[in-house]
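Now for the letters of each chain:
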Amino acid sequence: PRENWNDRFPMWLGNTIYLVSDRDGTYNLYRYGLDQRSFEQLTSYDDYGITFASSGGSLIAFVQDGGLPVYNPAQGTLDSIPVRVTPDTSQLAPRSVPLKPYIQSAAISAIGDQVVFGARGDIVSFDRLSGMATNLTSSSDAADRVPALSPDGQWIAYMSDESGEYELKIRRADGTGDVLRTSAIELQPTFYRELSWSPDSKRIAFVQR
């Protein structure tokens, strides 16, 4: 009978019951001899215990720390099943992706000569006169969102989680140079939207979701 612990996955092989128990603090493999009426610990895992166990034929396989050990009761040996996964990694290779289907937000300049898009986690600027589009951030490891152009046409503000948390970033609207200013919003930031510049291009208001 169970006392102050958990017994799981009973497996009956011959005249012995094998099971997984955390009676020593971590889930390990035990056996209970019906003749001896006593338990014997078979594995001694400390940090990562057994999460699943199953018997088949004369062997016991279980999951432990991401691996598949196999216990042979007849020989008292512990082996491991090597697992190798060879997936189709074509989707992980660098490739060109059209931004049009992934445009999430857009903002136009006061005189209509420039449009900035938030698309697929990047900030893209489009010059209407030249017809040229420029990716201002090209940050595959960050999500840059909700760009807004200042009324004087000098600055682009947007939200970015490049640091791990969303922050407000400001850079030149012509795409030259690096980010000029990065401002943390709060200790536990969340998602933001609807960035709006003041008429004098000195302040920014936005909505917290």
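What this report covers is the structure whose coordinates are included nearby. Given the structure is predicted, the values throughout are model-derived calculations rather than measurements.

1. With respect to the overall build of the chain
Item 1. Along the backbone of the chain there are zero helices and 18 strands.
Item 2. Here the C-alpha atoms of the chain give a radius of gyration of 30 Å, more than 25% beyond the 17 Å that 2.2 N^0.38 yields for 209 residues.
Item 3. For the chain, the spread of C-alpha atoms along the principal axes amounts to about 90 × 40 × 25 Å.
Item 4. A fraction of 23% describes how many contacts in the chain between residues 6 or more apart in sequence connect residues 24 or more apart.
Item 5. Just so you have it, the chain exposes about 13600 Å², and 49% of that area is on carbon and sulfur atoms.

2. Considerations on the environment of Pro 10
Item 1. Take Pro 10: it is sitting in strand E1 (residues 7-13).
Item 2. Residue Pro 10 is classed as exposed on the basis of its relative accessible area of 68%.
Item 3. In this structure the C-alpha to C-alpha distance between Pro 10 and Val 20, which are ten residues apart in sequence, comes to 7.2 Å.
Item 4. With sequence-adjacent residues up to four places away left out, Pro 10 is seen in contact with Tyr 18 and Leu 19.

3. Some words on the sheet that holds strand E4 (residues 38-41)
Item 1. Strands sit in the order E1-E2-E3-E4 across an open sheet of four strands; the sheet is antiparallel. Because the sheet does not close on itself, it has two edges, and the strands there are E1 and E4. When strand polarity is set aside, the average angle formed by the axes of neighbouring strands in this sheet is 25 degrees.
Item 2. For strand E2 (residues 16-21) and strand E3 (residues 28-33), the ladder comprises six bridges, and the chain directions are antiparallel.

4. Thoughts on the side chain of Ser 201
Item 1. Take Ser 201: it is sitting in the loop between strand E17 (192-197) and strand E18 (204-208).
Item 2. A distance of 3.1 Å separates a polar side-chain atom of Ser 201 from the backbone nitrogen of Asp 152.
Item 3. Non-local contacts of Ser 201, meaning those with residues more than four positions away in its chain, are made with Ser 150, Pro 151 and Asp 152.

5. Observations regarding the pattern of salt bridges
Item 1. Counting across every chain of the model gives five salt bridges.
Item 2. Note that Glu 162 is salt-bridged to Lys 169, the shortest N-O span being 2.3 Å.
Item 3. For Glu 162, a relative accessible area of 48% puts it in the partly exposed group.
Item 4. As a salt-bridge pair, Arg 193 and Glu 194 come within 2.3 Å of each other at their nearest N and O atoms.

About the criteria used
- Residues numbered from 1 in each chain as written.
- Predicted model: local features only at pLDDT ≥ 70, side-chain atom pairs only at ≥ 80, totals over all residues.
- Heavy atoms only, no water.
- Helix = DSSP H or I, 4+ residues; strand = E, 2+ residues; numbered from the N terminus.
- Rg over C-alpha atoms; globule rule 2.2 N^0.38 Å.
- Contact = heavy atoms within 4.5 Å.
- Areas by Shrake-Rupley, 256 points an atom, 1.4 Å probe, with all protein chains shown as cover.
- Buried < 20%, exposed > 50% of the residue type's maximum accessible area, 1.4 Å probe, protein only.
- Pairing = 2+ DSSP bridges.
- Axes fitted to C-alpha atoms, helices over the stretch in contact; angles between N-to-C directions.
- Polar contact = N/O pair within 3.5 Å; in protein donor to acceptor, adjacent residues only side chain to side chain.
- Salt bridge = Lys/Arg side-chain N within 4 Å of Asp/Glu carboxyl O.

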